[in-house]
Amino acid sequence: MVKNKIKNAKRIVIKVGTNVLRNDDGEIALSRIYSFIEDISRLVKSGREVILVTSGAVGLGKKRLGLESSEGVALKQACAAIGQGKLMSIYSQGFDTFGVIVAQILLTEDDFHSRKKYLSLRTTLTRLLQLGVVPIINQNDTVSTVEIDEEMKERLVCFSDNDKLSALVASELDADLTILLSDINGLYESNPKTNPDAKLIKVVHDVNDDILSYGTDASEGGRGGMKTKLQAAQVVTRSGGTVIITNGKIPYIIGKIFNNEDIGTIFLPHKESLSRKKRWIGYATNIIGKIKINANAKEAIIEKKKSLLPIGVIEVIHDFKQAEVVSILDENDEEIARGMVNYPSEDIKKIIGCHSDDIQKILGYKNYDAIITRDNITIL
């Protein structure tokens, strides 16, 4: 079953991390990059569709400028602007050698947060794949405002690194397989860099809290780490896809994966995959608004898959508009779900704790009985 998930994969997302793209001395690992290009080209020519999500622009720009560090938002954005052209040049020239056309796509959080942009992106990527093109995707560090916009600092952003970006792309495109290439062999029960006896986990059936607890933060030079890779795996597997985390420094690792060699950790799809709309609600939006609910409402949403009614609301946090996605918190301030609201925050505050029959009398209008209908709730 596990091998069939790889063998039958038609649409594949491959994410290459910063530490995989460079040698131990910090220089770009050209031979390794060309091995990726060669393996991906073979996949494309065999009739598969491949999307490449790549890091490396900031590091290349920093090296080109002769800098020891890229600390500071403005400097990092400048390095990204310089390095992105170099990065695409390497990929473009490499894929040209094998007769494969590539396309550059730079994305920010708003490209997923806006439903209209999200659907437009899906259409564009799908058309590129139909044309036999390999989309090469990177976070647009040059214009991203997550680190400098005060409002964005208040938000739960949909992605801040390429691990989560690759997961969102895989979810959006219904990818069969997502490969996350790192500088580690896979998921271990403890950190193998500090514990030489750490055991590699070969197969994960459910990315639950126990699995997420194995996550660690990024190593020097990267922004992800195992923590974000596990979060990415959770998004993809809940979207019906399979994930492999493995060591991108192993020569011709992509080819080895498709030759059914026993490499890395494989995460199997969740038994019940989310609809496309629920994936967008749960994972692809930037969240600022929050609604705190009582225990009865929590049980209704989690156990009975019911809508959120005014009577179950305790508190409304931050301002938001009708049809925006908000975070749903329990009484312990734990996020349990996300949902698209039927009323703006100012009106929800007026009907907190009320019966649905009283909405018309209190507000002077009534859109729905529920603040959030069950079809617009994604349980986390």
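Peer 1: Any chance you could break down the packing of helix 8 (residues 162-172) against helix 10 (residues 226-238) for me, citing the residues and the numbers?
Peer 2: Orientation of helix 8 relative to helix 10, taken along the N-to-C sense of each, is 10°, at an axis distance of 8 Å. Taken together, the axes of helix 8 and helix 10 are roughly parallel relative to one another. Residues D163, K164, A167, A170 and S171 of helix 8 form the contact with helix 10, whose own contacting residues are T228, K229, Q231, A232, V235 and V236. Per-class residue counts for the contact of helix 8 with helix 10 are 5 nonpolar, 3 polar and 3 charged.

Peer 1: Would you mind going over the sheet that holds strand 11 (residues 325-329) in detail, with residue names and values included?
Peer 2: Across the sheet, which stays open at both edges, the 5 strands sit in the order 10-9-11-12-13 with mixed pairing between neighbours. Each edge of the open sheet is held by one strand with a lone partner, namely strand 10 (313-317) and strand 13 (377-379). Between one strand and the next, the sheet's axes are offset by a mean angle of 25°, whatever the strand orientation. Note that strand 12 (residues 335-340) and strand 13 share 3 bridges and pair antiparallel. Looking across to strand 13, one finds that A337 is bridged to I379. Sitting on the sheet, helix 12 (residues 276-283) is in contact with strand 11, strand 12 and strand 13, with an inclination near 120° to strand 12.

Peer 1: Describe the sheet that holds strand 2 (residues 49-54), and please don't skip the residues or the numbers.
Peer 2: Strand order across the open sheet formed by 8 strands is 3-4-2-1-5-7-8-6, with mixed pairing between neighbours. The open sheet has two edge strands with one neighbour each: strand 3 (102-107) and strand 6 (203-204). Of the pairings in the sheet, the one linking strand 1 (residues 11-16) to strand 5 (residues 177-182) comprises 5 bridges and is parallel in character. Looking across to strand 5, one finds that V13 is bridged to T178. In the packing of helix 4 (residues 73-97) onto the sheet, contacts are made with strand 2, strand 3 and strand 4 (134-139), and the angle to strand 3 comes to roughly 155°.

Peer 1: Tell me about the side chain of T246, and name the residues and values.
Peer 2: Counting through the fold element by element, T246 comes out in strand 7 (residues 242-247). Judged by its relative accessible area of 0%, T246 is buried. Excluding residues that lie within four positions of it along the chain, T246 makes contacts with L180, L181, S182, I184, N185, I253, I257, I263 and G264.

Peer 1: How would you explain the nonpolar core if you had to name every residue and give the values?
Peer 2: Counting residues in each nonpolar core, the largest one holds 47 residues, and the members touching the most others are F112, I137, V169, L187 and F267. Mapped by element, the contributors of at least two residues to this core are strand 2, strand 3, helix 6 (115-130), helix 8, helix 10, strand 7 and helix 12. Per-element tally for this core: the top contributor is helix 10, with 6 residues. Dropping the residues within four chain positions of it, V169 is found in contact with V13, I51, F112 and I137. Counting 37 residues, the second-largest nonpolar core is a separate cluster that includes A9, I14, L60 and F95.

Conventions adopted
- Each chain carries its own residue numbering, running from 1 in the written order of its sequence.
- Under the rules for a predicted model, residues below a pLDDT of 70 receive no local features and side-chain atom pairs below 80 are neither given nor counted, while totals for whole chains, interfaces and linings still include all residues.
- Side-chain calculation: all heavy atoms of the structure are included, whereas hydrogens and water are not.
- Here an axis means a line fitted to C-alpha atoms, over the contact stretch when the element is a helix, while the angle between two N-to-C directions is reported on a 0 to 180 degree scale.
- The numbering of helices and of strands both runs from the N terminus, where a helix is a DSSP run of H or I of at least 4 residues and a strand a run of E of at least 2.
- Roughly parallel refers to an angle under 35 degrees, roughly antiparallel to one over 145, roughly perpendicular to one between 65 and 115, and oblique to any angle outside these ranges.
- Residues are treated as being in contact if the distance between any of their heavy atoms lies within 4.5 Å.
- When residues are sorted by character, Ala, Val, Leu, Ile, Met, Phe, Trp, Tyr, Cys and Pro go into the nonpolar class, Asp, Glu, Lys and Arg into the charged class, and all the rest, Gly among them, into the polar class.
- Two strands qualify as a pair provided DSSP detects at least 2 bridges between them.
- The classification of residues rests on relative accessible area computed with a 1.4 Å probe and restricted to protein chains. Under 20% of the type maximum is buried, over 50% is exposed, and intermediate values are partly exposed.
- Among buried residues, those of type Ala, Val, Leu, Ile, Met, Phe, Trp, Tyr and Cys that are joined through side-chain atoms within 4.5 Å constitute a nonpolar core.

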